[in-house]
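Residue strings, one per chain:
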Amino acid sequence: MAPSYKVIYFNFTGRGEPIRMILTYGGIPFEDSRFEMTEWPKVKPTTPLGQVPILEIDGKRYTQTMPICRYLGRLLKIDGKDMLEDMAIDSAVEIIWDILKIAYERAMGGGNEEKKKQLLDKLHEQMPVLLGKFEEDTKKNGFIATNKLSWADLVFLCGYEDMENLLAGENPFAKYPHLQKLKNKLLENKNIKEYLLKRPTNTMMTAYNLKNDLK
Ligand SMILES: N[C@@H](CCC(=O)N[C@@H](CS)C(=O)NCC(=O)O)C(=O)O
């Protein structure tokens, strides 16, 4: 019998979404267990590390976003063909999260305007370097990390949506036509399309939804 999967995370994209997106891409049915921020104090003590996301496989709980994604990538054979490609995939995913972490820190930074400005400056300094590298790689190979679709591309798709929200109004991908093309190519996937159409409304970031770009 096929294993049962359950993803436990906020009703929000963030670190939970790459896990949901990879399962979705692979056509693996999963229970999408979401809760609102206000419920977190009740949920936190029930989690192994006081953190989410959690992936449950046949009732056993696994933590840490990227190892979970890496596992699913291997399971679906959208990992690298050798250790060097796996390193390229891991490296791309780290780059995506390096940018996202700054953008999230800025968004969650409360009322400290000076700190927020510093983080925005840091983003403006790093994005052209890091996204510029992805743009060049994607122009050459069609994908973020290797010359065929890998789980890094699905992490990128989620990162694309979060960056559009965290930097709403700035069009962070406007200068990167190949990254936009990749996003559109991924949105042609039937499973992803169906998932986005039925995905519960993200209660925290509402400026941009990948669903808006479905053809
Ligand atoms: N390294 C962990 C970090 C997990 C993490 O920080 N999760 C956040 C949500 S994105 C969380 O649970 N925050 C609530 C808390 O720490 O109380 C991972 O990648 O899964």
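Look up: the structure comes first, before these words.
Being a predicted model, the structure only gives us computed values, none of them experimental.

Remarks on the packing of helix α1 (residues 16-25) against helix α8 (residues 190-198)
(1) Moving on: With their axes 8 Å apart at the nearest point, α1 and α8 run at an angle of 130° to one another. Taken together, α1 and α8 sit at an angle that is classed as oblique. Along the contact surface, α1 presents E17, R20, M21, T24 and Y25, while α8 presents N191, I192, Y195 and L196.
(2) Moving on: Here the contact of α1 with α8 is composed, by residue class, of five nonpolar, two polar and two charged.

What about the environment of G27?
(1) Moving on: The topology assignment puts G27 in the loop between α1 and β2 (31-35).
(2) Moving on: Between the C-alpha atom of G27 and that of G111, which follows or precedes it by 84 residues, the distance is 42 Å.

Quick word on the layout of surface pockets
(1) Moving on: Empty space within the largest pocket amounts to approximately 240 Å³.
(2) Moving on: What lines the largest pocket is a set of 13 residues, among which R15, Q51, V52, P53 and T65 lie closest to the centre.
(3) Moving on: If one sorts the elements of the lining of the largest pocket by residue count, helix α3 (residues 65-75) sits on top with three residues.
(4) Moving on: Of the residues contributing to the lining of the largest pocket, the split by class is seven nonpolar, five polar and one charged.

Quick word on the packing of aromatic side chains
(1) Moving on: Counting across every chain of the model gives eleven aromatic pairs.
(2) Moving on: The interplanar angle of 55° and the centroid separation of 6.1 Å between the aromatic rings of Y160 and Y208 together place this pair among those described as tilted. Residue Y160 is located in helix α6 (residues 151-166), and its partner Y208 is located in the segment after α8; the two are separated by 48 residues in the primary sequence. Here Y160 and Y208 have matching classes, each one buried.
(3) Moving on: Here the guanidinium or amino end of K185 rests over the ring plane of F143, the centre of that ring lying 4.3 Å away.

A few points about the packing of helix α4 (residues 83-107) against α6
Each pair of packed helices gets described by two things: the angle between the helix axes and the distance between those axes.
(1) Moving on: Closest axis-to-axis distance for the α4/α6 pair is 10 Å, and the angle between their directions is 15°. Judged on the interaxial angle alone, α6 and α4 are roughly parallel. Along this stretch, α4 crosses α6, giving a crossing that reads as left-handed. In this structure, α4 contributes I89, D90, A92, V93, I96, W97, I99, L100, A103, Y104, R106 and A107 to the contact, and α6 contributes W151, A152, V155, F156, G159, D162, M163 and L166.
(2) Moving on: When the residues that make up the contact of α4 with α6 are grouped by side-chain class, the tally is 16 nonpolar, one polar and three charged.

What counts and what doesn't
Residues numbered from 1 in each chain as written. Predicted model: local features only at pLDDT ≥ 70, side-chain atom pairs only at ≥ 80, totals over all residues. Heavy atoms only, no water. Axes fitted to C-alpha atoms, helices over the stretch in contact; angles between N-to-C directions. Helix = DSSP H or I, 4+ residues; strand = E, 2+ residues; numbered from the N terminus. Parallel < 35°, antiparallel > 145°, perpendicular 65-115°, else oblique. Contact = heavy atoms within 4.5 Å. Nonpolar A, V, L, I, M, F, W, Y, C, P; charged D, E, K, R; others polar. 1 Å grid on protein atoms, 1.4 Å probe; cavity = no way out; pocket = protein on both sides within 12 Å on 5 of 7 lines; lining within 4 Å. Points joined across faces, edges and corners; volume = space filled by probe spheres on them. Phe/Tyr/Trp six-rings, centres within 6.5 Å; stacked < 30°, edge-to-face > 60°. Buried < 20%, exposed > 50% of the residue type's maximum accessible area, 1.4 Å probe, protein only. Lys NZ or Arg CZ within 6 Å of the ring centre and 35° of its normal. Left-handed = near helix turned anticlockwise from the far one by under 90°.

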